[in-house]
Amino acid sequence: MEKIQMVDLYNQYLHIKEDIDNAILECIESSQFIKGKQFDQFQLNLAEYLNVSKVIACGNGTDALQIAIMALGLEKGDEVIVPAFTYAATAEVIGLLGLTPVIVDVDYDTFNITVDKIKNALTNKTKLVVPVHLFGQCADMEPIIELANQHSFTLIEDTAQALGANYTFKNGFSKKAGCLGNIGCTSFFPSKNLGCFGDGGAVYTDDNYLAEKIKMIASHGQSKQYVHEVIGVNSRLDNIQASILLEKLKHLDNYNLSRQEVANFYDSALGNINNIIIPAREKKSTHVFHQYTIKVKNNQRDALKKYLSNQGIPSMIYYPKALHHQKAFASLVKRGGSLEISEQLCSEVLSLPIHTEMSKNQLQYIVDHIIHFFYEN
Ligand SMILES: *Cc1c(COP(=O)(O)O)cnc(C)c1O
């Protein structure tokens, strides 16, 4: 059996080695390293995949969030509601821009922000809400969109973990994660569901006015070369990364399917263990399982993690601390209600290996050892 890893990028590469190698070589041969034809084509293909009018690729997912927020022209002291249980990047850029992150609790079952938590935290300074579609499934967005319409705040979705997930509205209409609010942001960090061979990210929207601003901000605030309209940043997806993503985008749906198969295997093997709660599904979203995250009850999480590690099984704690318990954010964030669920999750969550290259043997080995830990230890 091959060594078990949290992600296996090398074996994923081997399946499409020829296409990837050729794509990279073509970039080198053309020596168009920045803004080449692969860059243009990738933006078009991703827009088509997402069914959105404009994709602006950029340097990474954190930049994507920063650029998207910059495009809104918010003012110092404006409040931005974010979940307390998320990756720090979401709140970091809000702080960097002089805005106030208002952190709210998440739903215990799905790990996602909910309309009720947002409602509790609304003030007349609330200008923006950034739902994070955590671990691969969309937050329940329809009521959140209704609330946004009532209170005129903007919605930027952090889709770094959920690219390719579908959300279905009450009327039966489906849209891709990130296309539900005003702006979607994603990351192509190598281990993300659509990953490149370095850093990459994208912002996408159906709003042409915002799209123009976003494009300008990502490129030094230029409306055209050497015409700087606003203060921007330099954030680019390079052409080699774009050429890799062009190839891998063709496989994204299959990659997500294989993640779902792994999740189903875990579900049926672990669903009846008393001390484990398997991940719940949002009713209206598909789940693309960026992570398969269980909750371990009765303070057994750390012991289980250690036991698995001794058996050669890696696992990760996403996330060990809620935002308000991080030194960088503790004094910056404003609490938007109780945060006890986020705190509880930090002590219970454990993410198991999930990726596109897992074998049945590996999966069986993992679940056998989890069962062994609880019943034969
Ligand atoms: C990965 C990630 C980001 C940041 O993306 P980078 O490309 O690493 O900058 C932001 N938000 C979430 C939820 C993420 O998982």
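This report concerns the structure included in the present document. Since the model is a prediction, treat every value here as computed from it, not as a measurement.

Structural notes on the overall build of the chain
Inference 1: On a plain count of helices and strands, the chain comes out with 14 helices and 15 strands.
Inference 2: Expected size for 377 residues packed as a compact globule is a radius of gyration near 21 Å; at 21 Å, the chain falls within 12% of this value.
Inference 3: Viewed in the frame of its principal axes, the chain has a C-alpha envelope of about 70 × 55 × 45 Å.
Inference 4: Long-range contacts, defined as pairs at least 24 residues apart, comprise 74% of the intrachain contacts of the chain with a sequence gap of at least 6.
Inference 5: For the chain, the computed accessible surface area is about 16600 Å², with 48% contributed by carbon and sulfur atoms.
Inference 6: On the chain, the mean spot of the 34 positive side-chain charges and the mean spot of the 41 negative ones are 5 Å from each other.

Section: the sheet that holds strand E15 (residues 349-352)
Inference 1: Reading across the sheet, the three strands line up as E12-E13-E15 and stay open at both edges, with antiparallel pairing between neighbours. One side of each edge strand has no neighbouring strand; the edge strands of this open sheet are strand E12 (276-277) and E15.
Inference 2: Here four bridges tie strand E13 (residues 292-296) to E15, and the two strands are oriented antiparallel to one another. From the neighbouring strand, isoleucine 294 faces E15, where its bridge partner is leucine 350.
Inference 3: Where helix H10 (residues 252-270) meets the sheet, its contacts fall on E12, E13 and E15, and the angle it forms with E13 comes to roughly 20 degrees.
Inference 4: Where helix H13 (residues 340-348) meets the sheet, its contacts fall on E13 and E15, and the angle it forms with E15 comes to roughly 50 degrees.

Description of the state of the cysteines
Inference 1: Within the structure shown, the criterion is met by zero disulfides.
Inference 2: Here cysteine 196 stays unpaired: no disulfide links it, and the sulfur of cysteine 58, its closest cysteine neighbor, is 11 Å away.
Inference 3: The exposure class assigned to cysteine 196 is buried, which follows from its relative accessible area of 2%.

Description of H13
Inference 1: Listed as buried for H13 are Ile341, Ser342, Leu345, Cys346 and Glu348.
Inference 2: Check the buried side of H13 and you find it contacts strand E3 (100-104), helix H6 (115-121), E13, helix H11 (301-310) and E15.

Comments concerning the packing of aromatic side chains
Inference 1: In total, this model carries 15 aromatic pairs according to the counting rule given.
Inference 2: Ring centres of tyrosine 13 and phenylalanine 197 lie 6.0 Å apart, and the angle between their planes is 75 degrees; on these two criteria the pair is classed as edge-to-face. Of this pair, tyrosine 13 sits in helix H1 (residues 9-15) while phenylalanine 197 sits in the loop between strand E8 (183-187) and strand E9 (201-205); the two residues are 184 residues apart in sequence, bridging distant segments of the chain.
Inference 3: Judged by relative accessible area, phenylalanine 197 falls into the partly exposed class, the value being 41%.
Inference 4: Relative to phenylalanine 373, the ring of tyrosine 307 lies with its centre 5.5 Å away and its plane at 45 degrees, an arrangement referred to as tilted. Of this pair, tyrosine 307 sits in helix H11 while phenylalanine 373 sits in helix H14 (residues 360-375), placing them 66 residues apart in sequence.
Inference 5: Classification of tyrosine 307 by relative accessible area gives buried; the value is 15%.
Inference 6: Joined through ring pairs, the aromatic side chains of Phe85, Tyr87, Phe111, Phe135, Tyr318 and Tyr319 make up one cluster.

Considerations on the packing of helix H4 (residues 61-70) against helix H5 (residues 89-96)
Each pair of packed helices can be described by the angle between their axes along with the distance between the axes.
Inference 1: Closest axis-to-axis distance for the H4/H5 pair is 9 Å, and the angle between their directions is 40 degrees. In terms of orientation, H4 and H5 fall into the oblique class. Like other packed secondary-structure pairs, H4 and H5 cross with a definite hand, here right-handed. Across the interface between the two elements, Thr62, Leu65, Gln66 and Ile69 of H4 pack against Ala89, Thr90, Glu92, Val93, Ile94 and Leu96 of H5.

Focus: the environment of aspartate 116
Inference 1: In this fold, aspartate 116 is placed in helix H6.
Inference 2: As a C-alpha pair, aspartate 116 and valine 296 span 180 residues in sequence and 26 Å in three-dimensional space.

Description of the nonpolar core
Inference 1: Counting residues in hydrophobic clusters, the biggest one holds 33 residues, and the most contacted among them are Val82, Ile156, Ile183, Cys185, Val203 and Ile214.
Inference 2: Looking at this core, the elements with two or more residues in it are strand E1 (54-58), H4, strand E2 (79-83), H5, E8 and helix H8 (208-218).
Inference 3: Mapped onto the domain boundaries, this core takes at least three residues apiece from domain 1 (9-249) and domain 2 (252-375).
Inference 4: With 26 residues, the next largest nonpolar core counts Tyr292, Leu304, Leu308 and Leu352 among its residues.

Some words on the site of the ligand
Inference 1: Taken together, Asn60, Gly61, Thr62, Tyr87, Ala89, Val132, Asp158, Ala160, Gln161, Ser187 and Lys192 form the complete shell of residues around the ligand.
Inference 2: When isolated, the ligand has an accessible area of 380 Å², and the protein chains bury 91% of it.
Inference 3: Its residues assigned to classes, the shell around the ligand shows four nonpolar, five polar and two charged.

A closer look at the pattern of salt bridges
Inference 1: Counting across every chain of the model gives 11 salt bridges.
Inference 2: For aspartate 21, the salt bridge identified is with lysine 17, shortest N-O distance 2.7 Å. In this pair, aspartate 21 and lysine 17 are both assigned in helix H2 (residues 17-30), four residues apart and thus about one turn of the helix distant.
Inference 3: Given a relative accessible area of 25%, aspartate 21 falls into the partly exposed group.
Inference 4: The partner of aspartate 302 in a salt bridge is arginine 301, and the shortest N-O contact between them spans 2.6 Å.
Inference 5: Take arginine 301: its relative accessible area is 7%, and that puts it in the buried class.

What counts and how
- Residues numbered from 1 in each chain as written.
- Predicted model: local features only at pLDDT ≥ 70, side-chain atom pairs only at ≥ 80, totals over all residues.
- Heavy atoms only, no water.
- Helix = DSSP H or I, 4+ residues; strand = E, 2+ residues; numbered from the N terminus.
- Rg over C-alpha atoms; globule rule 2.2 N^0.38 Å.
- Contact = heavy atoms within 4.5 Å.
- Areas by Shrake-Rupley, 256 points an atom, 1.4 Å probe, with all protein chains shown as cover.
- Lys, Arg positive; Asp, Glu negative; His and termini not counted.
- Charge placed at Lys NZ, Arg CZ, Asp CG, Glu CD.
- Pairing = 2+ DSSP bridges.
- Axes fitted to C-alpha atoms, helices over the stretch in contact; angles between N-to-C directions.
- Disulfide = S-S within 2.5 Å.
- Buried < 20%, exposed > 50% of the residue type's maximum accessible area, 1.4 Å probe, protein only.
- Phe/Tyr/Trp six-rings, centres within 6.5 Å; stacked < 30°, edge-to-face > 60°.
- Parallel < 35°, antiparallel > 145°, perpendicular 65-115°, else oblique.
- Left-handed = near helix turned anticlockwise from the far one by under 90°.
- Core = buried A, V, L, I, M, F, W, Y, C linked by side-chain atoms within 4.5 Å.
- Domains from an automatic or database assignment.
- Near = heavy atom within 4 Å.
- Nonpolar A, V, L, I, M, F, W, Y, C, P; charged D, E, K, R; others polar.
- Salt bridge = Lys/Arg side-chain N within 4 Å of Asp/Glu carboxyl O.

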